[in-house]
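Each chain, written out:
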Amino acid sequence: MSNYKHLFFDLDHTLWDYERNSEATLRLLYDQFALSQSSLFTIDEFIRKFTEVNERLWDLYHIGKINQDHIRKERFRIVFNSLRLEFDSIEEFSTEYIAECPKMGMTLPGAIELLEHLTGNYELHIITNGFVDIQDIKLKTSGLDKYFDQVIISGHTNYRKPDREIFLHAMSETNAQPETSIMIGDSLESDIRGAKNVPMDQVFFNPKMTSHQEEVTYEISNLLEMKALGF
Ligand SMILES: [Mg+2]
C-alpha cells in the first residue's frame, strides 16, 4: 500500500470505455435508423468518420474554443454532411445517441479488477468533466458507482478540469490533502496539468503510449500497472 489516502479518478477514457460504448451505440442507431439502406457508407466508415469528427470537436473543447452544447449539436450534422447523406432526422439521431450511449456499461480493461483491489485501502473518488445526468447514468449502468465515495462532476460546479478550483472543491468535499492525494487520468491537459495546478501527484494513463514532453509522477499504459506501482 502506498502513502496516498485519496485516489481521484477521471471517468471517460480512464474507467468508462468511451470508445467501445460509443461504437456500440452507433451500431445500434445505424440499424434503428436503417442507414444501411442508403448504401452510401458502411457501418465501419460511419464509425470512423464519427470518431474523427468527435475527437476533433473534443480537442477544440479542451482548448476552450467551443462548449459541450456545440459538440452535441454539430457533430452528427458534420458527419452526415461529409458522408454526403441527406438525412432529415439528424436531430433525432443526435438525441438518441446522447440518450443511449451512457447506458452502455463497458469499462476499460482491468478497471473493475483494479477498483476491487483498491477498495477498502483508499478513499476513491471521481473528478469528471461532463453533464451531471449523463455521468450519473454511466456510473450506475457500468456498476462503477459502488466504488466511489465522492463523485465531482463539472456540471455541478462553475468549473471544469484543468481549473484549479474544481480540484480544490473536490479536496474540500472529501477532506483530502494534496500531499496524500493523486489524480489518475488519460488527459495530459485536463487531468495531469489540472492536478499539477493544485499541486498534487498524477498517474498518466496512456494506453496508446502516445509520446509527450510532460513530466508526470507516474505513467501507465494498462490500469493494472497501478498494482506494480505499489497501490
Ligand atoms: Mg478522460
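Structural notes, computed from the coordinates. (Residues numbered from 1 in each chain as written. Predicted model: local features only at pLDDT ≥ 70, side-chain atom pairs only at ≥ 80, totals over all residues. Heavy atoms only, no water.)

### Topic: the nonpolar core
For clarity, the threshold we go by: We call a set of buried residues a nonpolar core when its members are Ala, Val, Leu, Ile, Met, Phe, Trp, Tyr or Cys and they connect through side-chain atoms within 4.5 Å of each other. Accessibility here uses a 1.4 Å probe with only protein chains present; expressed as a share of the type maximum, an area under 20% marks a residue as buried, one over 50% as exposed, and anything in between as partly exposed. Helix numbering and strand numbering both begin at the N terminus, where a helix is a DSSP run of H or I of at least 4 residues and a strand a DSSP run of E of at least 2. Here the limits of each domain have been adopted from an automatic or database domain assignment. Contact between two residues is taken to exist if any of their heavy atoms lie within 4.5 Å; hydrogens are not considered.
In terms of nonpolar packing, the biggest core is built from 54 residues, with Leu7, Phe9, Leu15, Phe46 and Phe80 touching the most fellow members. Element by element, the count of residues in this core is highest for helix H2 (residues 43-62), at 7 residues. Looking at which domains feed residues into this core, each of domain 1 (6-17 + 106-228) and domain 2 (18-103) supplies at least three. In contact with Leu7, other than residues within four places in its own chain, are Leu118, Tyr122, Glu123, Leu124, His125, Ile182, Ile184, Met226 and Phe231. If you look at the next biggest cluster of nonpolar residues, it comprises 12 residues, including Ile127, Ile152, Phe167 and Met183.

### Digging into the layout of surface pockets
Regions of empty space are outlined by a rolling probe, equal in size to a water molecule, passed over the atoms. Applicable threshold: Think of a 1 Å grid over just the protein atoms. A cavity is a set of points where a 1.4 Å probe fits yet cannot get out, a pocket is an open set with protein on both sides within 12 Å along at least five of seven lines, and lining residues have an atom within 4 Å of a point. Grid points are joined across faces, edges and corners, and a volume is the space filled by probe spheres set on the points.
In this model, the second largest pocket occupies a volume close to 160 Å³. Surrounding the second largest pocket, Arg72, Lys73, Glu74, Arg77, Ile90, Glu91, Ser94, Thr95 and Ile98 form its lining. Of all the secondary-structure elements, those providing two or more residues to the lining of the second largest pocket are helix H3 (68-82) and helix H4 (90-100). Of the residues forming the lining of the second largest pocket, the biggest block, 5 residues, is contributed by H4.

### Some words on the coordination of the magnesium ion
To keep things clear, this is the line we draw: We call an atom a donor if it is N, O or S and sits within 2.8 Å of the metal, or 3.2 Å for Na, K and Ca. Water is not counted, so some sites may look partial.
Around the magnesium ion, the protein contributes the donor atoms Asp10 (OD), Asp12 (O) and Asp186 (OD), which lie 2.1 to 2.2 Å from the metal centre. Sequence positions of the residues that donate to the magnesium ion give the spacing D-x1-D-x173-D. Of the two residues, Asp12 is situated in the loop between strand S1 (6-9) and helix H1 (18-32) and Asp186 in the loop between strand S4 (181-185) and helix H8 (188-197); the sequence distance between them amounts to 174 residues.

### Some details on the packing of aromatic side chains
For clarity, the cut-off: Note on aromatic pairs: the rings of Phe, Tyr and Trp (six-membered ring only in Trp) are paired at centre separations within 6.5 Å, and the planes decide the class, stacked below 30 degrees, edge-to-face beyond 60, tilted for the rest. Geometrically, a lysine NZ or arginine CZ counts as sitting over a ring once it is within 6 Å of the ring centre and also within 35 degrees of the ring normal.
Tallied over the entire structure, the rule returns 21 aromatic pairs. Aromatic pair Tyr122 and Phe231: ring centres 6.1 Å apart, planes at 45°, arrangement tilted. Of the two residues, Tyr122 is situated in the loop between helix H5 (111-118) and strand S2 (123-128) and Phe231 in the segment after helix H9 (225-228); the sequence distance between them amounts to 109 residues. For Tyr122, a relative accessible area of 7% puts it in the buried group. Residue Phe231 is classed as buried on the basis of its relative accessible area, which comes to 5%. Over the ring of Phe131 we find Arg72, and its NZ or CZ is 3.8 Å from the ring centre. Over the ring of Trp16 we find Lys138, and its NZ or CZ is 4.5 Å from the ring centre.

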